[in-house]
Amino acid sequence: MQASSLKPGPEPVIGIVDDDAQVRETLSELMHDSGFRAVCCADIEAFHALGDPPPVDLVLIDLRLREESGLTLAIHLRERHEIPIVMLTGVGDEIDKIIGLETGADDYLIKPFNPRELVARIRAVLRRYGHASARPAAVGKRQIAFGEKRIDLDARRLLDGDGEEVPLTNAEYRLLEFFARNPERVVRREELLEELGADTQRYVDRTVDVLILRLRRKIEPVPAKPVHLQTRRARGYVFHLGTG
């Protein structure tokens, strides 16, 4: 077990339960760089050894621990404590079981995930539990507004009307910023593929259409009737900054 000093302290303490030492180290560094403290455990037994209740504000649990399931720990925590849970899963895992009533997990991310998105998800979950110190950093000076949302170009993030961060993957953010910098004109699919660059190699099974669909779910009031990111049949897409 590796840990920074645990509570008390102003920074949220994030428990990391993963049997891969390299993953634990990487996540711990990410937490520290993002203003959190981290306590790392290689298995469920090590996490239980922290105490009852465990001195953490949120716990990241890998679903596939060596010779045991992260679901076991998630269920145990949900039955005994009001501790936020974020599950880390692999492609093909049964997501419905992870976020359903079986565990009561608050959120999940599929590996490999974008570090910025993980931090945004953690902050969002902590805020829902009333952890005021999980507030994001100050908004940058360079912004692009559309509808009730704002793109913080300095921090490379999307904010909703209340100033809360809307988690985006790296590819989703790059597409959104590209559209926002090129509003009110038709953008061809070839331009979008060129803008994504190496990301098209990472997301082999994610076509432009799928990325557009996912982005609409995060920026449109009614994704099926988009007012910002609209399709121009046989031509491409056009982005409107206004509300309609």
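Model, not experiment: these values are computed from the prediction. (Residues numbered from 1 in each chain as written. Predicted model: local features only at pLDDT ≥ 70, side-chain atom pairs only at ≥ 80, totals over all residues. Heavy atoms only, no water.)

*Asks:* What is the right way to read the packing of helix H7 (residues 189-196) against helix H9 (residues 208-219) from this model?
*Replies:* The description of two packed helices rests on the angle between their axes and on the distance between the axes. Remark: H7 packs on H9, axes separated minimally by 11 Å, with the N-to-C direction vectors making an angle of 80 degrees. Here H9 runs roughly perpendicular to H7, going by the angle between their axes. Residue-level contacts link Arg189, Leu192, Leu193 and Leu196 of H7 to Val208, Asp209 and Leu211 of H9. Its residues assigned to classes, the contact of H7 with H9 shows five nonpolar, no polar and two charged. (Axes fitted to C-alpha atoms, helices over the stretch in contact; angles between N-to-C directions. Helix = DSSP H or I, 4+ residues; strand = E, 2+ residues; numbered from the N terminus. Parallel < 35°, antiparallel > 145°, perpendicular 65-115°, else oblique. Contact = heavy atoms within 4.5 Å. Nonpolar A, V, L, I, M, F, W, Y, C, P; charged D, E, K, R; others polar.)

*Asks:* What am I meant to see in the packing of aromatic side chains here?
*Replies:* Two descriptors summarise a pair of aromatic rings, namely the distance from one centre to the other and the angle between the planes of the rings. For the structure shown, the criterion picks out three aromatic pairs. When the ring of Phe146 is compared with that of Phe239, the centres are 5.3 Å apart and the planes differ by 70 degrees; the resulting orientation is edge-to-face. Of this pair, Phe146 sits in strand S9 (residues 143-146) while Phe239 sits in strand S14 (residues 236-239); the two residues are 93 residues apart in sequence, bridging distant segments of the chain. Comparing Phe146 with Phe239 shows no difference in burial state: the two are buried. Taking the centre distance of 6.1 Å and the plane angle of 20 degrees together, the rings of Phe179 and Phe239 count as stacked. Residue Phe179 is found in helix H6 (residues 170-181), and its partner Phe239 is found in strand S14; the two are separated by 60 residues along the sequence. Exposure remark for Phe179: the relative accessible area of 0% places this residue in the buried category. Classification of Phe239 by relative accessible area gives buried; the value is 0%. Three or more aromatic residues link up through ring pairs in this structure, and these residues are Phe146, Phe179, Tyr237 and Phe239. Above the face of the Tyr173 ring, Arg116 is positioned so that its terminal group lies 5.3 Å from the ring centre. (Phe/Tyr/Trp six-rings, centres within 6.5 Å; stacked < 30°, edge-to-face > 60°. Buried < 20%, exposed > 50% of the residue type's maximum accessible area, 1.4 Å probe, protein only. Lys NZ or Arg CZ within 6 Å of the ring centre and 35° of its normal.)

*Asks:* Would you mind showing me how to read the nonpolar core here?
*Replies:* The biggest cluster of nonpolar side chains holds 25 residues, and the ones touching the most others in it are Ile151 and Leu176. Broken down by secondary-structure element, the contributors of at least two residues to this core are S9, H6, H7, H9 and S14. At seven residues, H6 tops the list of elements feeding residues into this core. Setting aside its immediate chain neighbours within four residues, Leu176 contacts Phe146, Ile151, Leu158, Leu168, Leu215, Ile219 and Phe239. If you look at the next biggest cluster of nonpolar residues, it comprises 21 residues, including Val39, Cys41, Met87 and Ala105. (Core = buried A, V, L, I, M, F, W, Y, C linked by side-chain atoms within 4.5 Å.)

*Asks:* Explanation requested: the UniProt feature "modified residue: 4-aspartylphosphate" (unreviewed entry) in the protein chain in the structure shown.
*Replies:* Under the local residue numbering, the UniProt record ascribes the feature "modified residue: 4-aspartylphosphate" (unreviewed entry) to Asp62. With a relative accessible area of 7%, Asp62 lands in the buried category. Aside from chain neighbours lying at most four places away, what touches Asp62 is Val17, Asp18, Asp19, Gly70, Leu88 and Lys111. (UniProt positions renumbered as here; feature names shortened; annotations may be inferred.)

*Asks:* I would appreciate a short explanation of the pairing of strand S13 (residues 229-232) in the present structure.
*Replies:* Remember that side chains alternate between the two faces of the sheet whenever the strand is regular. Across four bridges, S13 lies against S14 in antiparallel orientation. Among the inter-strand pairings, Gln230 is bridged to a residue of S14, identified as Val238. Hairpin geometry of S13 and S14 is characterised by an intervening segment of three residues between the two adjacent antiparallel strands and by a positive phi of about 70 degrees at Ala234. (Pairing = 2+ DSSP bridges.)

*Asks:* Sorry if this is basic, but what is going on with unusual backbone geometry here?
*Replies:* Note: most residues except glycine have negative phi, and most peptide bonds are trans. Cis peptide bonds are those with omega within 30 degrees of zero, and the linkage from Asp52 to Pro53 qualifies with 5 degrees. Residue placement: Pro53 occurs in the loop between helix H2 (44-48) and strand S4 (58-62). Lys111 connects to Pro112 through a cis peptide bond whose omega is -10 degrees. Unusually for a residue other than glycine, Glu67 sits at a positive phi of about 65 degrees. Structurally, Glu67 is set in the loop between strand S5 (64-65) and strand S6 (68-69).

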